[in-house]
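A look at the structure
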Amino acid sequence: MAVACGRSIHSAFVNLPRSFCLITNLSPFVMKASSLAAHGSVLFLVSMAWVASPTIAQQIDHVMVSSPDEEVVVVFLVSGGRAFYNVVFGDEEVIEPSRLGVRLQGPRGFEDGLEIRDVGRRTVDETWRQPWGEVRDIRNHFNELAVDLVTAAEPFLTMRIVFRVYDDGVGFRYEWPEQDGLGDFVIMDELTEFALDADHDAWWIPAYRVHRYEYLYRRSPISDVGSVHTPVTIEADDDLYVSIHEAALTDYASMTLQSTGPGKLEADLVPWSDGTKVKATAPFVSPWRTIQLATSPGGLVTSYLILNLNEPSRILDTSWIRPGKYVGIWWGMHLDNWTWESGPRHGATTENTKRYIDFASKHGFDGVLVEGWNIGWDGDWTRNGEEFSFTRPYPDFDLEGLAEYAARRNVAIIGHHETAFGIDNYERQLEDAFELYSRLGVKAVKTGYVDNNVHRHELHHGQYMVRHFRRVVESAARHRIMVNVHEPIKDTGIRRTWPNMMTREGARGMEYNAWATEGGNPPEHETILPFTRGLSGPFDFTPGVFDLTLESSTRDPLVSRVNTTLAKALANYVVIYSPLHMAADLVENYEGHPAFKFIVDVPTDWEETVVLNGKIGDYVTVARKDRGSGDWYVGSVTDEFARQFDVPLSFLEEGVAYVAEIYADAFSADWDTRPLEITITERPVTRDTVLEVRLVPGGGQAIRIRPNGSVN
Ligand code: NOJ
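Here the structure is a predicted model, which means the values were calculated and not measured.

Describing the confidence of the model for the chain
For the chain, the mean per-residue pLDDT works out to 92, and 91% of the residues sit at or above 70. Predicted confidence for residues 1–58 stays below pLDDT 50, and this span has 121 contacts to residues more than four positions away or in other chains.

Notes on unusual backbone geometry
Backbone torsion omega between Glu154 and Pro155 reads 10°, so that peptide bond is classified as cis. One can find Pro155 in the loop between strand 9 (137–151) and strand 10 (158–166). Note the cis peptide between Asp556 and Pro557, where omega equals 0°. Tracing the chain through its elements places Pro557 in the loop between helix 12 (525–528) and helix 13 (566–575). Located in the positive-phi region is Asp336, a residue other than glycine, with phi close to 70°. Along the chain, Asp336 turns up in the loop between helix 6 (331–334) and helix 7 (350–363). On the basis of relative accessibility, which here comes to 30%, the residue Asp336 falls in the partly exposed class.

Quick word on the packing of helix 9 (residues 423–440) against helix 10 (residues 463–478)
As a packed pair, helix 9 and helix 10 sit with axes 10 Å apart at the nearest point and diverge in direction by 10°. Considered as vectors, helix 9 and helix 10 are oriented roughly parallel to each other. Judged by residue contacts, Ile423, Asp424, Tyr426, Glu427, Leu430, Glu431 and Phe434 of helix 9 engage Tyr464, Met465, His468, Arg471, Val472, Ser475, Ala476 and Arg478 from helix 10. In terms of residue class, the contact of helix 9 with helix 10 is built from 8 nonpolar, 2 polar and 5 charged.

Description of the packing of aromatic side chains
Under the definition given, this model contains 36 aromatic pairs. Aromatic pair Phe185 and Phe284: ring centres 6.2 Å apart, planes at 90°, arrangement edge-to-face. Highlighted residues: Phe185 in strand 12 (residues 184–190) and Phe284 in strand 22 (residues 284–285), separated in sequence by 99 residues. Judged by centre distance (4.6 Å) and plane angle (20°), the rings of Tyr590 and Phe596 are stacked. For Tyr590, a relative accessible area of 0% puts it in the buried group. Here Phe596 falls in the buried class, since its relative accessible area comes to 5%. Linked through ring pairs, Trp340, Trp377, Trp381, Phe388, Phe390 and Tyr426 together constitute an aromatic cluster. Seen from the ring of Tyr215, Arg209 lies directly overhead, with NZ or CZ sitting 4.9 Å from the centre. In this arrangement the basic side chain of Lys325 is found over the ring face of Phe365, its NZ or CZ atom lying 5.9 Å from the centre.

Looking at the pairing of strand 34 (residues 643–648)
In the case of a regular strand, side chains alternate between the two sheet surfaces. Residues Arg643, Phe645 and Val647 of strand 34 are buried on one face, while the alternating residues Gln644, Asp646 and Pro648, pointing to the opposite face, are not. Inspection of the sheet shows strand 34 paired to strand 37 (residues 690–695) by 6 bridges, in the antiparallel sense. Among the inter-strand pairings, Val647 is bridged to a residue of strand 37, identified as Leu691.

Observations concerning helix 10
The end-to-end C-alpha distance of helix 10 is 23 Å, a good match for the 22 Å that 16 residues give at a rise of 1.5 Å each. All of the buried residues along helix 10 are Gln463, Met465, Val466, His468, Phe469, Val472, Val473, Ser475, Ala476 and Ala477. Buried residues belonging to helix 10 abut strand 21 (278–281), strand 22, helix 9, strand 27 (444–448), strand 28 (482–485) and strand 29 (501–504). In the segment just after helix 10, Arg480 is the residue with positive phi, at about 55°.

A word on the nonpolar core
One finds Phe76, Leu149, Phe163, Trp176 and Phe194 to be the most contacted residues of the largest nonpolar core, which totals 183 residues. For this core, the leading source of residues is helix 9, giving 8 residues. Excluding anything up to four places from it in sequence, Phe194 contacts Tyr85, Ile95, Ser98, Phe172, Ile244, Met255, Leu257, Gly263, Lys264, Leu265, Arg289 and Ile291. Within the second largest apolar cluster, 20 residues are counted, among which are Trp632, Leu649, Tyr658 and Ile705.

A look at the site of the ligand
By nearness alone, 14 residues border the ligand, and Glu371, Glu418, Lys446, His486 and Glu511 come closest of all. Within the side chain of Glu487, an N or O atom sits 3.0 Å from an oxygen atom of the ligand. Between the ligand and the protein, one listed contact pairs an oxygen atom with a side-chain N or O atom of Glu505 at 2.9 Å. When the ligand is considered free in solution it has 300 Å² of accessible area, and contact with the protein chains removes 96% of it.

Here's the deal with the packing of helix 8 (residues 399–408) against helix 9
Across the interface, helix 8 lies against helix 9 with an axial gap of 10 Å and an inter-helix angle of 40°. Between helix 8 and helix 9, the interaxial angle falls into the category oblique. Of the residues in helix 9, those touching helix 8 at Leu399, Glu400 and Ala403 are Leu436, Arg439 and Leu440.

Considerations on helix 7
Between the first and last C-alpha of helix 7 there are 20 Å, a value that for 14 residues agrees with the 20 Å anticipated at 1.5 Å per step. Regarding helix 7, the residues found buried are Asn352, Thr353, Tyr356, Ile357, Phe359, Ala360 and His363. End-on view of helix 7: buried residues confined to an arc of 160°, all on one side of the axis. Summarising the geometry of helix 7, the exposed residues directed more than 90 degrees from the buried face are Glu351 and Lys362. At its buried positions, helix 7 is contacted by strand 24 (324–329), strand 25 (367–370), helix 8 and helix 14 (596–601). Remark: Gly364 follows helix 7 within two positions and exhibits a positive phi of approximately 75°.

Some details on the sheet that holds strand 33 (residues 632–638)
One open sheet holds the 6 strands; their spatial order is 31-32-33-38-35-36, and the pairing between them is antiparallel. The sheet is open, and its two edges are formed by strand 31 (606–615) and strand 36 (678–685), each paired on a single side. Direction aside, the axes of adjacent strands within the sheet are offset by 15° on average. Two elements, strand 31 and strand 32 (residues 619–626), share 8 bridges in a ladder whose sense is antiparallel. Opposite Thr609, over in strand 32, you have Arg624 as the bridge partner. Those strands touched by helix 13 are strand 32, strand 33, strand 35 (656–665), strand 36 and strand 38 (700–710), and its axis lies near 125° from that of strand 33.

Topic: the environment of Gly401
Here Gly401 is to be found in helix 8. Assessed through its relative accessible area of 26%, Gly401 is described here as partly exposed. Sequence separation of Gly401 and Leu436 is 35 residues, and the distance between their C-alpha atoms is 13 Å.

Here is what the cut-offs are and how they apply
- Residues numbered from 1 in each chain as written.
- Predicted model: local features only at pLDDT ≥ 70, side-chain atom pairs only at ≥ 80, totals over all residues.
- Heavy atoms only, no water.
- pLDDT = per-residue confidence, 0-100.
- Contact = heavy atoms within 4.5 Å.
- Helix = DSSP H or I, 4+ residues; strand = E, 2+ residues; numbered from the N terminus.
- Buried < 20%, exposed > 50% of the residue type's maximum accessible area, 1.4 Å probe, protein only.
- Axes fitted to C-alpha atoms, helices over the stretch in contact; angles between N-to-C directions.
- Parallel < 35°, antiparallel > 145°, perpendicular 65-115°, else oblique.
- Nonpolar A, V, L, I, M, F, W, Y, C, P; charged D, E, K, R; others polar.
- Phe/Tyr/Trp six-rings, centres within 6.5 Å; stacked < 30°, edge-to-face > 60°.
- Lys NZ or Arg CZ within 6 Å of the ring centre and 35° of its normal.
- Pairing = 2+ DSSP bridges.
- Expected span 1.5 Å × (residues − 1).
- Core = buried A, V, L, I, M, F, W, Y, C linked by side-chain atoms within 4.5 Å.
- Near = heavy atom within 4 Å.
- Polar contact = N/O pair within 3.5 Å; in protein donor to acceptor, adjacent residues only side chain to side chain.
- Areas by Shrake-Rupley, 256 points an atom, 1.4 Å probe, with all protein chains shown as cover.
- Arc of directions from axis to C-beta.

Quick look at the structure:
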């Protein structure tokens, strides 16, 4: 059976949902789907059945659906005309009865007076391949429950709530089929709640703040979180971790969460400037609200539920979409050595760019990012959104000549569109800008939405901007251009549908280490990111600064630095996932440095990802297998405390001998006083080896493990 009929559910809900068992037993379609699914076949399998006739439906007030392994159970209930759900994981009711529904503008709405009219079910079990990613193949295996609700009073509108229940969590969304009496409608509020079973600790960043998602993560009981962005990561227990987020945010307001009491979170949609939340026309669907469940923090990292809930790729030929590494005319501006604007310290000059192209070519990098190349940066560019040209370069930047110079050296220029939130200005030029880049062989564009004029327009995360981001990705796809967004809307897995949506910022990245007045990201930062921001998708963290104390900056006085050791700077390439990773430092800081070999070697496209250990805010160790070879890479990072782990290499292939190239903190190193001390050694290993990984305070370790023949 697709459901745990008769299973004992400890819930504050109604008695056991026996009426549900009755209905499924009546349905040959459901029986067929679930028994086939029980074979665990990776073949595509769908069976759909509307199981309740109107007469039967009148008797139903609750229905239940479980995950394929029956460990996750969702009960849906209508009580007093209001809709609720709860979620059980193993023996624990993780989400207690929580409200569902939406409030519309005007007299219509889906808050009260609801009745279940129909119930549909299906099971899907398919495996799909990512054109690039942190893992190659992803199994999409869920049981679905679709409940049609009707409003009891005229005009008897229909809203469907669809649950997809996976072994690693739950997604649900609202759907409004085409129907008389709905047409255009406006959502004023979403009533979705997430009532955790206790006031657990959550890791969060605040919402509605001027620096968007760029805040340090904090940990506190749910009742203290206030208004926060998703994903929110909840440490319920030593063996229960929960992430609440959303998937497939493509034409809706971003969902933030508001704490409303101990353990209680409520959806709060980012409004339009007129106070409404979502402007819709039926047929219409909301994004999926997601609840990922795992027994370890690493289990959240290797859950691909968010991607599974997105639509398959709309780009049929993805051969032009390629992960890679880049350097750029970028860190020099953040160090205050160069400027984006024109003048004597202009960074984006022809000469400087040639130097970066030569370096990229010599070391096998794919791209060179050039910021400040185009007219519009002069004056206070953070307020000049209407001034930017996305086609006219500054006179000291020979765009056409440099594109050609790069191509001859097998490198591509990475374009840059800083909008400073001048959305109309950008949209007016979008087609021309992408047309120009595509003609010049530019394969990727970094966009930016720095905004110091927040009261002038729509909010950063509302439906207006969600639509804008999608428009940019679609337009870029038409021109075969990959996108890397800074100051983005958060990632909700849309890279599955538009695989040219490569990576994005959306958290405090490396740049904060150049100028943040409180001294840069603290050593614990990278031990939190994989379990919070990283759960939403790839992060353009821009790692790899070697000059950790910023000796090469002309800023006086220095206010910040990189608060890691050098070995940890390398480990971040593995720990933080991004298909486009930067070697962020000034290129002269890499020349002749033995540790640079790791950055040259490390790939950005993976066959497999394994989280070997992790405690949020303390440490994490990740192993990833290269897609293009038999190599494995391991990254391990710690906070301000030293750690020592035994790391079994049991993920390696049986019968293969390997060499481990180990970039470790020197015994004498620490992030604060001796960050640069590193030891680089080699040793033979096999899958039976247990490596002793030693990390100094604020340190890390990066390991390349390459095959070296077979075991005798
Ligand atoms: C902020 C981005 O995060 C950064 O990478 C970029 O250099 C500046 N905006 C200028 O566009």
